[in-house]
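Residues per chain are reported as follows:
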Amino acid sequence: MTDHPNRPPASPEPRGVSEQSKQEQLSESRKDSRGQYLTTNQGLRVSDTDNSLTAGLRGPTLLEDFHLREKMMHFDHERIPERVVHARGSGAYGYFQVYEPLTELTRARVFQDPSVKTPVFVRFSTVAGFRGSADTVRDVRGFSVKFYTEEGNWDLVGNNMPVFFIQDAVKFPDLVHAVKPEPHHQMPQASAAHDTFWDFISLMPETAHNVMWVLSDRALPRSYRMMEGFGVHTFRFVNAEGKARFVKFHWRPVLGTASLVWDEAQKIAGKDPDFNRRDLWEAIEKGDFPEYELGVQIVEEEDEHRFDFDLLDATKIIPENEVPVRIVGKMTLNRNPDNFFAETEQVAFHPGHVVPGIDFTNDPLLQGRLFSYLDTQLIRLGGPNFAQLPINRPVAPVHNNQREGYGQQTIHRGRVSYFPNSLGDGTPRPAPEAEGGYVHYAERVAGHKIRGRSPSFADHFTQPAMFWHSLTPPEQDHLVEAAQFELGKVEVFAIRERMVHEYLNRIDHSLAVRVAEGIGVEPPTEDASPAVTGRVPEVGVEARKRTDSIRTRKVAVLAADGVDDAGLSAVRQALTDAGATVEVISRFQKPLQGEGGEVKVDKSFMTTASVMYDAVFVPGGPASIDALKGQGDALHFLNESFKHGKAIGAAGEGVALLRAADLAGVDLSGPQGQPDLGVVTSDGAELVNLTQGFIAAVAQHRFWNRPKGQVPA
Ligand code: HDD
């Protein structure tokens, strides 16, 4: 007896992906209502959506107004719970391409064929803030990638820092409760700078490494396009012969890393809370597609115990001078979502979404995550069918006997929803390994049932100390200031003391002494930090920045009526040729009368601020400069740019505006300003040289050697 008159095909559906696979699938769910009549959800055309159905023009509303009832019902249920962590996020589509087959390392199809573009969806996020919080807070950033592979979805759910705060998932609720706004008054928003967080941290030395990263400039990415990503845990690669190796995943932005400074980040949070989201969106709309290379660190199984830390400990990196990162492919993000809620909000990541060739280790943090992520999707997305939401659907065929549940979208045909069966020809049936059936790596395990921590997880301070020593002096200054800010906000003095004496002093003595000074704590006298010997890997933002290009940087041009528009055009041309974006800023958002012709104004001092730009340029034109000298906004713009270390350029009379702004008294009497301080000027006519010098300064990102302490901005 057959299962159904229309028998399903007897052989498995073919598999395979192209860059467009996911988009083609999504297009079945996309809807455009332009030019259409308004209808109810039942398809009934609606004749009036402005007036409820009432008994008389001034009378009560009638129960039979089904349109009002349906519209309100839907509206009343539009919100879903936000993610308990990583609530604030931004997403984009793209593809991943491997550079060369990784057959010797893994059987995962996504790593076999350089001609295949595997579709991806990426979601970047902050961790602590609510869904509507600002982007530029001091925090870890989430870096989640969903690969829609021909073998099913693989989620690499990582962060922009390679380590985590805790070693065991059982501490995760404590960590998150401590960092979130305090429960009695729900403050502060999107900030770790409060008592409960530092109370918890001060009592949990295993957090030290991640705390150092979060106090560093890594926690203030200039752009999602300019930050690294990490899988954090040690995973396993398994090849077709069943040979396994340990692997750590790294994402390296092609633009290099760049960060904001703390004062700037706080100001941006007010001026444009969507700063990172907007940057990602606009870059993709413009065709400046963000790119990240994927790197792997491989450790042979037999080398598992050769390190002075445990590979299963997520608070440790594998130093790159011990195991180099091998770059294996590239991800390109080239499409913005159509609908934030449908795609970015409803996307559901899970570290347990793996494909053959990628497997887990016994990292206790990873093991706990494997339990947590499905749970969270149930509450957030309202039931077990979230994998059927368009953004979550794999492009690989899905066949199983899971049925019903809230929001079931699939019309499963036939009588059979169990296995084994004979009524459905014994299908859907498990696939043998050779046909892509997932077989867990047969790791041998033995042990007593126990609650405890391996002694190999016990060294909490050596790697944080290595991190500290790897930073450049300006980066160390930033970290000290960050600690002074965070701990300065802690009201219970004993927590500040504990942080200095029992925590920071065990990382680095000078660090503890410097932080103590800023927060009124008696500095420690004994040095309790570990000795850091040998080569220290470079892990700061500065070590990974790119200074050979200004692609996608934003340059502000300050101007007023009478500006040297020919000079402005020449500089604008040179900057845009080099890949930068230029915006002209003036007092009002209306065209300027330049010396030779009209100049379009992009923003006014009212609608933008220096913190939205990477650099600032002042063209000449005596009347323009005279006008700008009288505008406090223009002077503040320059001072603030100077304070934040940004390249400043001025041509001709423009130099007089820099003098008027004072810029901490920097001597501008020379012909070229102070290029070493990133202030590039030309009193004469050599615009070409000036432009080249300015571009070189913009490429440096920031100049930390400025006397910024005297800047009033
Ligand atoms: Fe997590 C979300 C990354 C530890 C439990 N996590 C979440 C997201 C990222 C990470 C990027 C946002 C996903 C998205 O964009 O939708 N989490 C990490 C990393 C960790 C980590 C890199 C350590 C290496 N997480 C971790 C632990 C637990 C969780 C130990 C619990 C045992 N994480 C969650 C969660 C979230 C989540 C509660 C909230 C929303 C979601 O999962 O989908 O389940």
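Calculation rules
- Residues numbered from 1 in each chain as written.
- Predicted model: local features only at pLDDT ≥ 70, side-chain atom pairs only at ≥ 80, totals over all residues.
- Heavy atoms only, no water.
- Helix = DSSP H or I, 4+ residues; strand = E, 2+ residues; numbered from the N terminus.
- Rg over C-alpha atoms; globule rule 2.2 N^0.38 Å.
- Buried < 20%, exposed > 50% of the residue type's maximum accessible area, 1.4 Å probe, protein only.
- Contact = heavy atoms within 4.5 Å.
- Areas by Shrake-Rupley, 256 points an atom, 1.4 Å probe, with all protein chains shown as cover.
- Lys, Arg positive; Asp, Glu negative; His and termini not counted.
- Charge placed at Lys NZ, Arg CZ, Asp CG, Glu CD.
- Phe/Tyr/Trp six-rings, centres within 6.5 Å; stacked < 30°, edge-to-face > 60°.
- Donors = N, O, S within 2.8 Å, 3.2 Å for Na, K, Ca; no water.
- Near = heavy atom within 4 Å.
- Polar contact = N/O pair within 3.5 Å; in protein donor to acceptor, adjacent residues only side chain to side chain.
- Nonpolar A, V, L, I, M, F, W, Y, C, P; charged D, E, K, R; others polar.
- Axes fitted to C-alpha atoms, helices over the stretch in contact; angles between N-to-C directions.
- Parallel < 35°, antiparallel > 145°, perpendicular 65-115°, else oblique.
- Left-handed = near helix turned anticlockwise from the far one by under 90°.
- Salt bridge = Lys/Arg side-chain N within 4 Å of Asp/Glu carboxyl O.
- Domains from an automatic or database assignment.
- pLDDT = per-residue confidence, 0-100.
- Pairing = 2+ DSSP bridges.

> I keep staring at the overall build of the chain and nothing clicks. Help me out?
Along its length, the chain carries 18 helices and 19 strands. Its C-alpha atoms give the chain a radius of gyration of 29 Å, near enough to 27 Å, the size a compact globule of 713 residues would have. For the chain, the spread of C-alpha atoms along the three principal axes comes to 95 × 80 × 55 Å. Relative to its 713 residues, the chain shows a buried fraction of 51%. Contacts in the chain between residues at least 24 apart in sequence constitute 74% of all its contacts with a sequence separation of at least 6. For the chain, the exposed surface amounts to about 33,100 Å²; the carbon and sulfur share of it is 52%. Across the chain, the mean location of the 76 positive side-chain charges is 4 Å away from that of the 96 negative side-chain charges.

> How should the environment of phenylalanine 275 be read in this particular structure?
Note on placement: phenylalanine 275 falls in helix α7 (residues 275–286). Judged by its relative accessible area of 7%, phenylalanine 275 is buried. For the pair phenylalanine 275 and alanine 244, spaced 31 residues apart in the sequence, the C-alpha separation amounts to 42 Å.

> What's the story with the packing of aromatic side chains in this structure? I'm lost.
Two aromatic rings, taken as a pair, are described by how far apart their centres are and by the angle between their planes. Inspection of the entire model under this criterion finds 28 aromatic pairs. Ring centres of phenylalanine 124 and tyrosine 224 lie 5.0 Å apart, and the angle between their planes is 20°; this geometry places the pair in the stacked category. On the criterion of sequence distance, the pair formed by phenylalanine 124 in strand β2 (residues 118–126) and tyrosine 224 in the loop between α5 (208–215) and β5 (229–230) is long-range, its members being 100 residues apart. Each ring, one from phenylalanine 165 and one from phenylalanine 197, has its centre 6.2 Å from the other, and the planes form 90°; the classification is edge-to-face.

> Sorry if this is basic, but what is going on with the coordination of the iron atom of the ligand here?
Metal coordination angles have textbook ideals: 109.5 degrees for a tetrahedral set of four donors and 90 or 180 degrees for an octahedral set of six. Among all protein atoms, only Tyr373 (OH) binds the iron atom of the ligand, sitting 1.9 Å from it. Along the chain, tyrosine 373 falls in helix α9 (residues 364–381).

> Explain the environment of isoleucine 284 here, please?
Considering the arrangement of structural elements, one finds isoleucine 284 in helix α7. Remark: the alpha-carbon pair of isoleucine 284 and asparagine 336, spanning 52 residues in sequence, is separated by 6.7 Å. Discounting residues that sit within four places of it in the chain, isoleucine 284 has contacts with Ala92, Phe289, Pro290, Leu333, Asn334, Arg335 and Asn336.

> Looking at this model, I keep getting lost on the site of the ligand. Mind explaining?
Neighbouring residues of the ligand: 24 residues in total, closest Arg83, Arg123, Arg369, Tyr373 and Gln377. A distance of 3.4 Å is found between a nitrogen atom of the ligand and a side-chain nitrogen or oxygen belonging to histidine 86. Measuring from a nitrogen atom of the ligand, one finds a side-chain N or O atom of tyrosine 373 at 2.7 Å. At the level of elements, β3 (141–149), β4 (152–159) and α9 are the ones that each hand at least two residues to the shell around the ligand. No other element matches α9, which puts seven residues into the shell around the ligand. Partitioning the shell around the ligand into residue classes produces 11 nonpolar, 10 polar and three charged.

> When you look at the side chain of serine 133 in this model, what are you seeing that I'm missing?
If you trace the backbone, serine 133 turns up in the loop between β2 and β3. On the accessibility criterion, serine 133 (7% relative accessible area) is buried. Among the polar contacts made by the side chain of serine 133, one reaches the main-chain carbonyl oxygen of phenylalanine 130 at a distance of 2.6 Å. Those residues in contact with serine 133 that sit more than four places away from it in its chain are Arg88, Gln189, Ala190 and Pro273.

> Whenever I open this one, the packing of helix α14 (residues 565–577) against helix α18 (residues 687–699) confuses me. Can you help?
Two numbers describe a pair of packed helices, the interaxial angle and the distance between the axes. Where α14 contacts α18, the axes come no closer than 10 Å and their chain directions differ by 40°. Compared by their axis directions, α14 and α18 come out oblique. Seen from above, α14 lies across α18 with right-handed handedness. Note on element contacts: α18 touches α14 through Leu687, Thr691, Phe694 and Ile695, opposite Gly567, Ala570, Val571, Ala574 and Leu575. A class-by-class count of the residues in the contact of α14 with α18 yields seven nonpolar, two polar and no charged.

> How should I be thinking about unusual backbone geometry in this particular structure?
For residues that are not glycine, phi is negative in most cases, and the peptide bond is trans in most cases. Backbone torsion omega between phenylalanine 419 and proline 420 reads 5°, so that peptide bond is classified as cis. With respect to the helices and strands, the residue proline 420 is situated in the loop between α9 and α10 (462–470). In this structure, proline 428 follows threonine 427 across a cis peptide bond, with omega equal to -5°. Among the structural elements, proline 428 can be located in the loop between α9 and α10. For glutamine 186, which is not glycine, the phi dihedral falls at a positive 55°. Relative to the assigned elements, glutamine 186 resides in the loop between α3 (172–179) and α4 (195–202). Glutamine 186 gets classed as partly exposed once you look at its relative accessible area, which sits at 44%.

> Could you clarify how one ought to interpret the pattern of salt bridges in this entry?
Pairs may arise between side chains of opposite charge once their charged atoms sit close together. Overall, the coordinates contain 41 salt bridges when judged by the stated rule. Note that arginine 335 is salt-bridged to aspartate 338, the shortest N-O span being 3.1 Å. Under the relative-accessibility criterion, arginine 335 is labelled partly exposed at 29%. One salt bridge connects arginine 546 with aspartate 548, and the closest N-O pair in it is separated by 2.9 Å.

> What am I meant to see in the domain arrangement of the chain here?
Many descriptions give the size of an interface as the accessible area lost when the pieces come together. In terms of domains, the chain is made up of domain 1 (89–179 + 216–299 + 322–388), domain 2 (469–543) and domain 3 (547–700). Taken over C-alpha atoms, the centre of domain 2 sits 38 Å from the centre of domain 3.

> Explain the packing of α4 against helix α12 (residues 493–502) to me, please; I cannot follow it from the model alone.
It is the contact of α4 with α12, at a shortest axis distance of 9 Å, that shows an interaxial angle of 40°. It follows from the interaxial angle that α4 and α12 lie oblique. Pair α4 / α12 crosses with left-handed handedness. Here Asp195, Trp198, Asp199, Ile201 and Ser202 of α4 come into contact with α12, specifically with Ile495, Arg498 and Met499. A class-by-class count of the residues in the contact of α4 with α12 yields four nonpolar, one polar and three charged.

> So what exactly am I meant to see when it comes to the confidence of the model for the chain here?
Regions with low pLDDT carry predicted coordinates that are not meant to be interpreted in detail. Averaged over all residues, the pLDDT of the chain is 96; the fraction at 70 or higher stands at 98%. The least confident element of the chain is α18, whose mean pLDDT is 91; the most confident is β2, at 99.

> How should I be thinking about the environment of valine 170 in this particular structure?
Note on placement: valine 170 falls in the loop between β4 and α3. Taking the relative accessible area as the measure of exposure, valine 170 reaches 56% and is therefore exposed. Residues valine 170 and proline 364, spaced 194 residues apart in sequence, show a C-alpha to C-alpha distance of 8.7 Å.

> Can you walk me through the side chain of aspartate 363 in this structure?
The topology assignment puts aspartate 363 in the loop between β10 (358–359) and α9. No salt bridge is formed by the buried aspartate 363, whose closest oppositely charged neighbour, lysine 248, lies at an N-O distance of 6.4 Å. A distance of 2.6 Å separates the side chain of aspartate 363 from the side chain of histidine 233, its partner in a polar contact.

> How do you make sense of the pairing of β4 when you look at a structure like this?
Along any regular strand the residues' side chains alternate between the sheet's two faces. Judged by how many residues are buried, β4 sits mostly within the fold: eight of eight residues are covered. Where β3 meets β4, eight bridges bridge the pair, whose relative direction is antiparallel. Looking at β4, one finds that tyrosine 148 is bridged to asparagine 153. If you look at the hairpin formed by β3 and β4, you'll find two residues sitting between the two strands.

> Just checking my understanding: could you explain the sheet that holds strand β17 (residues 647–651) for this structure?
Across a sheet, strands are paired by hydrogen bonds formed along the backbone, either parallel or antiparallel in direction. The seven strands lie next to each other as β15-β12-β11-β16-β17-β19-β18, forming an open sheet whose pairing is mixed. Among the strands making up the open sheet, the edge pair consists of β15 (603–604) and β18 (673–674). Contacting β16 (615–618), β17 and β19 (679–682), helix α17 (residues 654–661) runs over the sheet at an angle of about 130° to β17.

> What is the right way to read α10 from this model?
A large share of α10 lies buried, amounting to seven of its nine residues. Where α10 is buried, its residues meet α5, α11 (473–488) and α13 (509–519).

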